[in-house]
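Read off the chains here:
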Amino acid sequence: MKTIQFFRPTAFYLLALTFISSAYSADKYFGNSSAIFTSDKAWYSDEALTQPTTHPIGEEDTAIFYKTKGTATYPPTAWVTQVDTYVGNVISSGDGGIINLGKELLNQGVPINFQIYNTLSVQICDEDSTMTFGTSFEDEESTAAVELTIGNIDIGTQVYGGKTYDSYNNTTSLRFSYGDSRLTSSLINVTGDVNLGGCGVTGANVSALLDLAVDKMAVKGIMNIKRNGWMYSNVTFNKAGVLELGGLVAENRDGDFTIANGPGGSFTSEIVFKNALGTDYQYIGAIVDDGNNRPDISAIKATMNVTMDGEGTQRIYQAIQLKTDIQGRMSGTYTVKNGRLFMDNSRIAADYRQAALSLEGGKFGAGHYESSNTGTAYFKTANFKSGGFAYENFANHNTMETGTGDKIIITETFTKAAGSGKISVDFSDASGNALNLENFILADSADAVEYWAEILTAGELSGFNLDTLLSDGAYDANADFYAEGIENGVVVFKWVESLDSGYSLQVGFAQVPEPAAAVALGGVLALVYAGMKSKRRR
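Residues numbered from 1 in each chain as written. Predicted model: local features only at pLDDT ≥ 70, side-chain atom pairs only at ≥ 80, totals over all residues. Heavy atoms only, no water.

### Description of the overall build of the chain
For the chain, the count of helices and strands is three helices and 42 strands. Within the structure as shown, the chain displays about 22400 Å² of accessible surface, and the carbon and sulfur contribution to it stands at 48%. Across the chain, 38 positive and 61 negative side-chain charges occur, with their mean positions spaced 5 Å apart. (Helix = DSSP H or I, 4+ residues; strand = E, 2+ residues; numbered from the N terminus. Areas by Shrake-Rupley, 256 points an atom, 1.4 Å probe, with all protein chains shown as cover. Lys, Arg positive; Asp, Glu negative; His and termini not counted. Charge placed at Lys NZ, Arg CZ, Asp CG, Glu CD.)

### Structural notes on the pattern of salt bridges
For the coordinates displayed, the defined rule picks out 21 salt bridges. Of the charged contacts in the structure, one is a salt bridge between Glu-47 and Lys-163, with a shortest N-O distance of 2.9 Å. Of the two residues, Glu-47 is situated in the loop between strand E3 (43–44) and strand E4 (52–53) and Lys-163 in the loop between strand E12 (144–159) and strand E13 (171–177); the sequence distance between them amounts to 116 residues. Taking relative accessible area as the criterion, Glu-47 reaches 34% and is therefore assigned partly exposed. Through salt bridges with shared partners, a single network forms among Asp-280, Arg-315, Arg-340, Lys-363, Glu-392, Asp-426 and Glu-484. (Salt bridge = Lys/Arg side-chain N within 4 Å of Asp/Glu carboxyl O. Buried < 20%, exposed > 50% of the residue type's maximum accessible area, 1.4 Å probe, protein only.)

### Some remarks on unusual backbone geometry
Positive phi values are uncommon outside glycine, yet Leu-49 reaches one of about 60°. With respect to the element layout, Leu-49 can be found in the loop between E3 and E4. Leu-49 gets classed as partly exposed once you look at its relative accessible area, which sits at 22%.

### Here's the deal with the nonpolar core
Nonpolar side chains tend toward joint burial in soluble globular proteins. Counting 117 residues, the largest nonpolar core has Phe-133, Phe-176, Leu-210, Tyr-334, Phe-414 and Trp-495 as its most contacted members. Ranked by residues supplied to this core, first place goes to E12 with six residues. If sequence neighbours within four positions are ignored, Phe-414 has contacts with Ala-382, Phe-384, Phe-389, Ile-423, Leu-456, Ala-458, Glu-460, Leu-461, Ser-462, Phe-464 and Trp-495. Tyr-29, Ile-124, Tyr-165 and Cys-199 belong to the second-largest nonpolar core, a separate cluster that totals 13 residues. (Core = buried A, V, L, I, M, F, W, Y, C linked by side-chain atoms within 4.5 Å. Contact = heavy atoms within 4.5 Å.)

### Topic: the sheet that holds strand E6 (residues 78–80)
The sheet built from nine strands is open, its strands ordered E2-E6-E9-E11-E13-E16-E19-E22-E25 with parallel pairing. In this open sheet, the two strands that pair with only one neighbour each are strand E2 (35–36) and strand E25 (286–287). Here five bridges tie strand E19 (residues 233–237) to strand E22 (residues 257–261), and the two strands are oriented parallel to one another. Each bridged residue has a counterpart across the sheet, and for Phe-237 the counterpart in E22 is Asn-261. (Pairing = 2+ DSSP bridges.)

### Comments concerning the confidence of the model for the chain
Taken over all residues, the pLDDT of the chain has a mean of 91, while the share at 70 or more is 91%. Below pLDDT 50 for its whole length, residues 516–538 participates in 30 contacts with residues either more than four positions away or in separate chains. (pLDDT = per-residue confidence, 0-100.)

### Things to note about the packing of aromatic side chains
For the structure on display, the rule yields 25 aromatic pairs. A centroid spacing of 5.2 Å and a plane angle of 35° characterise the contact between Phe-30 and Phe-65, whose relative ring orientation is tilted. One end of the pair, Phe-30, is in strand E1 (residues 27–30); the other, Phe-65, is in strand E5 (residues 62–66), and 35 residues separate them in sequence. The pair Phe-30 / Phe-65 is uniform in exposure class, with both members buried. An aromatic cluster of at least three residues, connected via ring pairs, comprises Phe-30, Phe-37, Trp-43, Phe-65, Phe-114, Phe-133 and Phe-176. Looking at Arg-315, its charged tip hangs above the ring of Phe-342, at a distance of 4.7 Å from the centre. In this structure, Arg-353 packs its charged tip against the face of Tyr-378, placed 3.9 Å from the ring centre. (Phe/Tyr/Trp six-rings, centres within 6.5 Å; stacked < 30°, edge-to-face > 60°. Lys NZ or Arg CZ within 6 Å of the ring centre and 35° of its normal.)

### Some thoughts on the state of the cysteines
Tallying each qualifying case throughout the model produces zero disulfides. Free cysteine: Cys-125, not disulfide-bonded; nearest cysteine sulfur from Cys-199 at 12 Å. Cys-199 gets classed as buried once you look at its relative accessible area, which sits at 15%. (Disulfide = S-S within 2.5 Å.)

### Structural notes on the environment of Asn-439
Examined against the element boundaries, Asn-439 turns out to sit in the loop between strand E35 (435–436) and strand E36 (453–462). With relative accessibility at 71%, the residue Asn-439 sits in the exposed group. In this structure, the C-alpha to C-alpha distance between Asn-439 and Asn-488, residues 49 residues apart in sequence, is 9.4 Å.

### Some details on the environment of Gln-354
With respect to the secondary-structure elements, Gln-354 resides in the loop between strand E29 (340–344) and strand E30 (356–366). For Gln-354, a relative accessible area of 27% gives the class partly exposed. Sequence separation between Gln-354 and Asn-305 is 49 residues, and the spatial gap between their C-alpha atoms is 12 Å. When near neighbours in sequence (up to four residues on either side) are disregarded, Gln-354 contacts Ile-297, Arg-329, Met-330, Ser-331 and Lys-380.

### Regarding the side chain of His-397
Along the chain, His-397 falls in the loop between strand E32 (381–390) and helix H2 (399–402). At 2.9 Å, the side chain of His-397 and the backbone oxygen of Ser-371 are in polar contact. Only 3.1 Å separates the side chain of His-397 from the backbone oxygen of Asn-373, close enough to count as a polar contact. Beyond its immediate stretch of four places on either side in the chain, His-397 contacts Ser-371, Ser-372, Asn-373, Thr-374, Thr-402, Thr-404, Gly-405 and Asp-406. (Polar contact = N/O pair within 3.5 Å; in protein donor to acceptor, adjacent residues only side chain to side chain.)

The following block contains the structure:
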C-alpha cells in the first residue's frame, strides 16, 4: 500500500468535491475482504455485494459495513492510507466494521485527518454489532497523530435499515482503539451529539457501548444515554483520557448507565462539562472509578475526575436502577471552575465515597433529580479557592420548619485556602429567582436569630475564622461566608461544633435593618463579639 495523498486540499478542491458528491451521492457497501478504504475494488452499490462501484467520497456518500465478517475467521479491515479522508456517513451493523490507520500514515508531519461529515451510526441487527477504529501500523517504528471529526454518533439507536429480525443481538458497540504507543496524540471532535440507546423496537433488548482509548473526545453537543429494553448503556475509558461534553443527559430513573474506567486499569480519566449558558442537563447514572459492582475496593486502581467548566448547569444523580450501597468507588476530584454543578451520591456505598471537592469558581450544590426530594453530596475532603455553594430548594423543602434540606457532607477536612476571600452561598432557585424571605419567621436582628438550619457538615476545618465564640461550641461564620439570591431579609451564618459530627454550618434569617440601625447594630455586635471572643482556633 502507498500513500495516495500528502497535501491538505484547497478550499476550491473541497467545494468541487462537495458539489460532485452531492450530485452523485449513494450508499456504498464494503466487501468481505480487507482493502484500502479508497480502493474502487472494495465497494459495492448493493447489500448483496454483486455490483462493484467506486469508493465513498464527499459529504453525501454513505459507507456501509453490514455483516462484513460473514463466515470468515476474522472480519475484514478498511485501511486508511491518505492523510485526509472524507465521507458523508458511516453505518455499521453486524460483526466486522473496522477502519484502521495504515502504516503509510506514519511520520507524515501532520495529523491524520478522517472526517465523517454527518453521522457515524452503529445499528442493531440479529448479530452483535461492533464498529472499531484502530491502527494497522505493523512493525513500523515511526509515529503519527490522528484527528477524527464526526458530525453525530449514534450507537444502538435504531435497527439496521428499518428491518424486522426474528431476534436481535445483545450488543452494539463503538470502539476507538487508539492506544498504540506510536500515536503521539489522538483526538475525536464531535460537532453534534453522541446518542446511546433509545431504539424503542419491541424485543430489541440491546446494550449500547462506547469504548474509548483516545487522548480526548470533545463533544460540542450533548451525550444522551438511553436504554434499549432491559439492557444497559455504558461508556468505558480504556486508557487515560478526557471526555469533554456540552452536557450529559440520562433521565430514565430505572436506567442502568455507567461511565467508568475499564476493569483493572491503573490510570486517571476525566469528564469535563462545557455546558453553555442557559442549559440545564440531568444525568441519572453512575460516574465511578472502575465499574459499579466492585466488592473488593482494594483492587480498584483507576481514578475518575469530574470538572465543571461551562457556564450552564449539570446535575448528576449517582444511581443504578433502584440499587443502594452501590459498590462503585468515587475517589477522584470534583472541580468546579464555572457554572453550577449539582450531585447526589447517597446511593453509593459509604466506604466507596472517597471523592474530593475543589471549588475554583462557579457553584456546587447537593440535589436530587426530583426537586421536591432532598439531595445529599458526600465528599472525603473539600478545598475552597473561589466560588461557593448553591441551595436551590430551600423554599421547596421548607427547610427552616422541617429541618431537612439539601446537604453537603465532608467526612474529613474542609480547607479554605489562604487569601481566598469569602465563600458565596446562593439561595436562588433553578430559574434564578431569589429566595423571598418575607414569608419566613425572621429575627428582629442578626444577633437575635433563634431558628437555624444545617446546610453543610465537615469533620475538621482548616483556614476558617473561628475567632468569635457566640456560645458554647458555636462560632460566628459571617467572616467566611456571604449570601446571594436573597430578598427581603438577611442571612446569618454560624459554625456549631459537636463531638460526633465535627462542625455544622448553619444559617438563620433576620430582618433587613434600617440604615441607621444597621450602623449602630454593627458597632454593638463588634463590642459583643469582642467580649465573647475567647480563643483562636484553626
